[in-house]
Amino acid sequence: MNDDRLETAVSLARRAGRLAQAMRADPALLDIRDKGPMDLVTAADLAVEDLLRKGLAEADPDASILGEEAGLSGDAKGAAWIVDPIDGTVNYARGMPDWAVSIAYSDGTALTHGVIHAPDLGLTAAGVRGVGAILNGQPVRLPGAVASSPVVALGYSPRGPLTDYLDRIARLLDAGVEHRRHGAATIGFLGVLAGWFDAYYEPALNIWDAAAGLVLIEAAGGSVRHDPLPDFLERPSDILTERANPPRFETLLSR
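Here's what I pulled together on the structure shown here. Treat the numbers as computed from the prediction; the structure is a model and nothing was measured.

1. Quick look at the overall build of the chain
1) Next: Looking only at helices and strands, the chain has 8 helices and 15 strands in total.
2) Next: Expressed as lengths along the three principal axes of its C-alpha atoms, the size of the chain is roughly 50 × 40 × 35 Å.
3) Next: If you sum the accessible surface of the chain, you get close to 11000 Å²; carbon and sulfur atoms cover 50% of it.
4) Next: In the chain, 23 positive and 35 negative side-chain charges are present, and the distance between their average locations comes to 3 Å.

2. Thoughts on helix α2 (residues 43-59)
1) Next: Spanning 17 residues, α2 covers 24 Å between terminal C-alpha atoms, matching the ideal 24 Å at 1.5 Å per step.
2) Next: Among the residues making up α2, those that are buried are A43, A44, D45, V48, E49, L51, L52, R53, G55 and L56.
3) Next: A side-chain oxygen of the first residue of α2 lies 3.1 Å from the backbone nitrogen of A44; this N-cap is T42.

3. Observations regarding the packing of aromatic side chains
Here a ring pair, both rings aromatic, is described through the centre-centre distance and the interplanar angle of the planes.
1) Next: Tallied over the full model, the rule gives 5 aromatic pairs.
2) Next: Aromatic side chains Y92 and W99 sit 5.0 Å apart centroid to centroid with 70° between the ring planes, which places their arrangement in the edge-to-face category.
3) Next: Classification of W99 by relative accessible area gives buried; the value is 0%.
4) Next: Residue placement shows R5 over the ring face of Y105; its charged tip is 4.0 Å from the ring centre.

4. Some thoughts on the pattern of salt bridges
1) Next: Applying the stated criterion across every chain yields a total of 8 salt bridges.
2) Next: E250 serves as the salt-bridge partner of R225, at 3.2 Å between the closest nitrogen and oxygen. Taken together, the residues R225 in strand β14 (residues 223-225) and E250 in helix α8 (residues 250-253) connect sequence positions 25 residues apart.
3) Next: What makes R225 partly exposed here is its relative accessible area of 26%.
4) Next: The salt bridge involving D231 is made with R235; its shortest N-O contact spans 4.0 Å.
5) Next: Note on D231: relative accessible area 28%, which makes it partly exposed.
6) Next: Looking at R235, the relative accessible area reads 46%, which means it is partly exposed.

5. Quick look at the sheet that holds strand β11 (residues 151-154)
1) Next: The 5 strands are arranged β12-β11-β13-β15-β14 in an open sheet whose pairing can be described as mixed. The sheet is open, and its two borders are formed by β12 (178-180) and β14, each paired with just one other strand. Averaged over all pairs of adjacent strands, the angle between strand axes in this sheet comes to 15°, irrespective of strand direction.
2) Next: As judged from the 5 bridges shared by strand β13 (residues 199-205) and strand β15 (residues 237-242), these two strands associate in the antiparallel manner. The residue of β15 that forms the bridge with Y200 is T241.
3) Next: Lying on the sheet, helix α5 (residues 185-194) is in contact with β11, β13 and β15; it crosses β13 at an angle near 155°.

6. Topic: the side chain of E242
1) Next: Its location among the elements puts E242 in strand β15.
2) Next: Buried within the structure, E242 lacks any salt-bridge partner; R248 is the closest side chain of opposite charge, at an N-O distance of 6.0 Å.
3) Next: Engagement of the side chain of E242 in a polar contact is seen with the backbone nitrogen of F249, the distance being 2.9 Å.
4) Next: Those residues in contact with E242 that lie beyond four places of it in its chain are L142, V192, D198, A199, I217, G222, S223, P247, R248, F249 and E250.

7. Let's talk about the nonpolar core
1) Next: Counting 39 residues, the largest nonpolar core has I82, F189, L190 and I207 as its most contacted members.
2) Next: In this structure, F189 is in contact with I116, Y200, D209, A210, G213, L214, I217, I239 and T241, ignoring residues within four places of it in sequence.
3) Next: Of all hydrophobic cores here, the second largest spans 28 residues; its members include A9, L12, A20 and A126.

What counts, and where the lines are drawn
- Going along each chain's sequence as written, the residues are numbered from 1 onward.
- Per-residue local features of the predicted model are confined to residues with pLDDT of at least 70, and side-chain atom pairs are confined, for both listing and counting, to 80 or more; whole-chain, interface and lining totals are unaffected and use all residues.
- Note that the side-chain values use all heavy atoms of the structure and ignore hydrogens as well as water.
- Secondary structure is summarised from DSSP: a helix means a run of H or I of at least four residues, a strand means a run of E of at least two, and numbering begins at the N terminus for each.
- Per-residue accessibility takes into account occlusion by the displayed protein chains alone, with areas from the Shrake-Rupley method and a 1.4 Å probe.
- The sign given to each residue is positive for Lys and Arg and negative for Asp and Glu; His and the chain ends receive no count.
- In this description, the location of a charge corresponds to atom NZ of lysine, CZ of arginine, CG of aspartate or CD of glutamate.
- Each helix should span, by expectation, one fewer than its residue count multiplied by 1.5 Å.
- Relative accessible area decides the class of each residue, using a 1.4 Å probe on protein chains only: under 20% of the type maximum gives buried, over 50% gives exposed, and in between gives partly exposed.
- Polar contact is defined as a pair of N or O atoms within 3.5 Å, subject to the rule that within protein one atom must be able to donate a hydrogen and the other to accept it, and that residues adjacent in sequence are counted only when both atoms are side-chain atoms.
- In this scheme Phe, Tyr and Trp rings, the latter by its six-membered ring, pair at centre separations within 6.5 Å, and the angle between planes marks the pair as stacked below 30 degrees, edge-to-face above 60, and tilted otherwise.
- Ring-over charges, as used throughout, are those where CZ of Arg or NZ of Lys falls within 6 Å of the ring centre and within 35 degrees of the ring normal.
- In what follows, salt bridge is the name for a side-chain nitrogen of Lys or Arg lying within 4 Å of a carboxyl oxygen of Asp or Glu.
- Two strands qualify as a pair provided that DSSP identifies no fewer than 2 bridges between them.
- To define axes, lines are fitted to C-alpha atoms, for helices over the stretch in contact only, and angles between the resulting N-to-C directions are given on a 0 to 180 degree scale.
- Note on contacts: a residue pair qualifies if any of its non-hydrogen atoms lie within 4.5 Å across the two residues.
- We call a set of buried residues a nonpolar core when its members are Ala, Val, Leu, Ile, Met, Phe, Trp, Tyr or Cys and they connect through side-chain atoms within 4.5 Å of each other.

Here it is as structure tokens:
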């Protein structure tokens, strides 16, 4: 997929992944701190975001950058890069493989480019809206059919009521649908692309967690649902992505 902007994001994501892995190899470097309920920040989150910001600013000095740790530099209503240096920090800090670097680009009107790199899983997904998506260099085109034994990935955070999450699980089980929770939105998106899951849903997700994954699923022919981009830049949005298009699980998941 010949696209300079995408190639820049892929290269930076891989550099970021190597830095995160190197820092985790020496626990003394991590400086793990609580940021909120079920939410950690480590020195690696900050170092990786700094690497991404410097690389993106050098490659695209006219674009703004929105990152989870350092916030917004510039005007997010124009062209902007949206980064999550380590999505799934709790998993990362405890030595689990389910974490990833997420980089997306918005032209000010729509999310157009997305990269998710999960170093410990050996997975790199990249895509451009209206062009297509690849996973480890191979084109991905999502099917319209749902598997005979469907599996849905779910996300949860304290921003939403626990009762809603438990009710969602009950509805899925009643409908004969299995569920998984990995503690990282990027892994949910990768799972939809890879065929592990038929859908991924999470309420009240921040844009840096979701932007790249939304581009990838849409570019691969799946269905995505989220608030309009101007609203999403201001506040969290419920997210639904599916391998099927039109969506099949919306009534089970979004109420």
